[in-house]
Amino acid sequence: MTFPNPLDVREATASRQGSDRAASSAKSSVVVEARKLSLVYPTADKPVTALSEVDLTIARGDFVSLIGPSGCGKTTLLRVIADLERPTSGHIVIEGMTPEQARLKRLYGYVFQAPALYPWRTVERNVMLPLEIMGIARAERQARAREQLERVGLSGFERKFPWQLSGGMQQRVSIARALALQPDLLLMDEPFGALDEITRDHLNLHLTQLWRATGKTCVFVTHSIAEAVFLSTRIVVMSPRPGRILDVIDCDSLPRERKLEIRESPEFAAIAHRVREGLKEGHSYDD
Amino acid sequence: MSDLVTNPYRTSLRSAADWGLVAIALPALAALALPLGVQNGAVLGWFGGSMAPLFLIGVVLAVVAGASAPKRVWGAWAELAGVALAWLLPLHLLNEGLDLSAGWGLWLFLVAATLLLWRVMGVLAGMPGWTRSVVVPGLFGLGLLVGWEVLVRGFQVPAILLPPPSRIAAALAANAPVLWDDFRQTVLTSVLRGYVMGCGAGFMVAILADRVPFLARGLLPLGNLASAIPVVGIAPIMVMWFGFDWQSKAAVIVVMTFFPMLINTLAGLGNSERIQLDLMRSYAAGYGRTLVKLRLPNALPFLFNGLKINSTLALIGAIVAEFFGTPVVGMGFRISTEVARMNLDIVWATIAVAALTGSGFYGALAVLERVTTAWHPSMRQR
Ligand SMILES: Nc1ncnc2c1ncn2[C@@H]1O[C@H](COP(=O)(O)OP(=O)(O)O)[C@@H](O)[C@H]1O
Ligand SMILES: [Mg+2]
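Everything numeric in this text was worked out from a predicted model, so none of it was measured.

J.: Sorry if this is basic, but what is going on with the pairing of strand β3 (residues 63-67) of chain A here?
T.: The side chains of a regular strand alternate, first on one face of the sheet and then on the other. All names here are of chain A. Within β3, five of the five residues are buried, which leaves the element mostly enclosed by the surrounding structure. Burial along β3 is two-sided: F63, S65 and I67 facing one way and V64 and L66 facing the other are all buried. Examined bridge by bridge, β3 and strand β7 (residues 217-222) share five bridges and lie parallel to one another. Bridged to I67 within β7 is T222. Here β3 pairs with strand β8 (residues 234-239) via four bridges, running parallel.

Below you can see the structure in the form of structure tokens.
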């Protein structure tokens, strides 16, 4: 696998604007704002409270990880942001809009837990799918798809079918597909959860470079502490039954440019420790 | 290692341990002691002056060549030549005017030849590509035809009960113009139109029922009801409603094919995973886009299932419906009238046309399915 230089003129401009917030005063610095957000799934036997009074603010350019044991509502929170699920109560605003308006304006790209590639489409045509739906002209569609595939290191695989690719490659295609929309907000639900540790490290490095180069706001669901600390500027620790936020940890002590070596640093260990303590606290409710 | 276990041709003549061949050779040897048949009232043995020894030598040579071939596929082809030669013997003897019905030596010999064919097919079926997908089924069909021919003629089965394939082929050739007119009336007119209307309507109503849930709820039980209606029940009614010509046949076909298509399409439309649908929703894709770009491609295997089932149903429906009234042409009409006149050769020829049409129709759909759903897990390996 190669590491293409993920810098590209258009997005690099966007990132400069993102970091220079005074210049882009038209855009608020808050991308996602949730207040007292609750969601109850009405299941057959008894209702499940997946989210309970969640307050969360995500600033532009942040990389926010949601971490917690399975069933604590991470996916649900992400789906509420994406308007794939409606909250039972509370407020949520995305870029000053309702989630539905944000979805209809295609403000976010969503990377699902499984690659969810369409098996009858080649890799390239899978990446072109959102662009087809947006009604973008064929030539530009193809150019953008090629560009994003190159960015995730999959040049040369355009004509392959998804099943001819490894799991890690498939997940990279699905990231390229989300990036092809050129969204400001990238929502990722355990994208590397099913991959082996080596591939995962590799893709994490890739992802953090991509994030730095594009200045996108990322919301990333994981249940790996190391992954969360390595990638994030802020970590949201959640606990189950009912799903709620226990702690929000800033990772300012780590440099914005992440290299694999920072995992050996004392700052990294300190943050990881705090995350672990937070998760422990959540579990004491169970016993 | 696996070659040692699975390769029945690994042995050369030098290491005579091919027990499969030995098991086949035993009945073949025993057969040599029994008669071949009766000629002019006299029982004829293997070496009684016929050409039989020449065939025998040919078969033995083929088997020897097969057993000593360096590759098992080559061995299989050599043995196949032996099998062909063995089955040509009774045809030759019949042409010489022998009565084979008491020729137990010949029949036992043919049993051995069939066992040899079994062995050959086992090897060929393990070959990838054309050998497995075309040659093996082709040989199988050919074997059945030859067996039918030899048994019917050897035991002198009356043609009124079951004519040999050669006689059916002759009837086909002799009655080609009539059969072509029947084919045009039944298949090209009634079946095609009824099929397109029935499948089209089933598909479109399914799309509608998918949007309007109460339609699906109401229609699905009706589907069970409709599939229980016998053709012989609705055919006379449709003839009364729509007259003798193709319209009544098409109506019967529509009744028979509508629900299978509806049910398969509905099942196919429900075949998309939630995550795939969520993806479309995240792109703000509307109903139409989701249908065309996701749900219909996902439904393709189900659609083809419906189309394939219906191809057979349509042909049966048209032929049976023609029993209840038709202009004086059509495959169903031909069968019903020629049976009454004891003209069974034409009946069998018509049946052959129907069988070929049915398999051709089905086969064309299967090829189309393979081309359009090559991505589907069930198609990938093949
Ligand atoms: N569609 C649904 N219907 C009913 N319950 C659900 C549904 N989706 C999730 N849940 C429940 O909500 C809770 C939170 O689920 P989820 O957000 O998927 O958790 P996580 O992603 O953190 O593992 C779990 O208890 C789960 O069983
Ligand atoms: Mg989850």
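Next comes the rest of the write-up.
J.: How should the sheet that holds strand β2 (residues 48-59) of chain A be read in this particular structure?
T.: What holds strands together in a sheet is hydrogen bonding between their backbones, with the strands either parallel or antiparallel. All names here are of chain A. Spatial ordering of the open sheet is given by β2-β1-β4, a layout of three strands whose pairing is antiparallel. Each edge of the sheet is formed by a strand with only one pairing partner; in this case those strands are β2 and β4 (89-94). Adjacent strand axes in the sheet meet at a mean angle of 15 degrees, parallel and antiparallel pairs treated alike. In this sheet, β2 lies alongside strand β1 (residues 30-41) in antiparallel orientation, the contact comprising eight bridges. Each bridged residue has a counterpart across the sheet, and for V30 the counterpart in β2 is A59.

J.: Would you mind showing me how to read a nonpolar patch on the surface here?
T.: Residue and element names in this part refer to chain B. On the surface, L34, W104, L151, F155, V157, I160, L161 and M342 cluster together into a nonpolar patch covering about 760 Å² of accessible area. As for its placement among the helices and strands, M342 is situated in the loop between α14 (331-340) and α15 (344-372). Judged by its relative accessible area of 53%, M342 is exposed.

J.: Explain the site of ligand 1 to me, please; I cannot follow it from the model alone.
T.: Neighbouring residues of ligand 1: A:Y41, A:T43, A:V48, A:A50, A:S70, A:G71, A:C72, A:G73, A:K74, A:T75, A:T76 and B:R274. More than one chain reaches ligand 1: the nearby residues come from chains A and B. In the environment of ligand 1, an oxygen atom lies 2.4 Å from a nitrogen or oxygen atom belonging to the side chain of A:T76. With the chains in place, 66% of the 560 Å² that ligand 1 exposes on its own is no longer accessible. Where the shell around ligand 1 is concerned, the elements lending two or more residues are β2 and α2 (74-81) of chain A.

Each value, and the rule that gives it
- Residues numbered from 1 in each chain as written.
- Chains lettered and ligands numbered in written order.
- Predicted model: local features only at pLDDT ≥ 70, side-chain atom pairs only at ≥ 80, totals over all residues.
- Heavy atoms only, no water.
- Buried < 20%, exposed > 50% of the residue type's maximum accessible area, 1.4 Å probe, protein only.
- Helix = DSSP H or I, 4+ residues; strand = E, 2+ residues; numbered from the N terminus.
- Pairing = 2+ DSSP bridges.
- Axes fitted to C-alpha atoms, helices over the stretch in contact; angles between N-to-C directions.
- Patch = residues over 30% accessible without salt bridge, like charges linked within 9 Å, V, L, I, M, F, W, Y side chains within 5 Å.
- Areas by Shrake-Rupley, 256 points an atom, 1.4 Å probe, with all protein chains shown as cover.
- Salt bridge = Lys/Arg side-chain N within 4 Å of Asp/Glu carboxyl O.
- Near = heavy atom within 4 Å.
- Polar contact = N/O pair within 3.5 Å; in protein donor to acceptor, adjacent residues only side chain to side chain.

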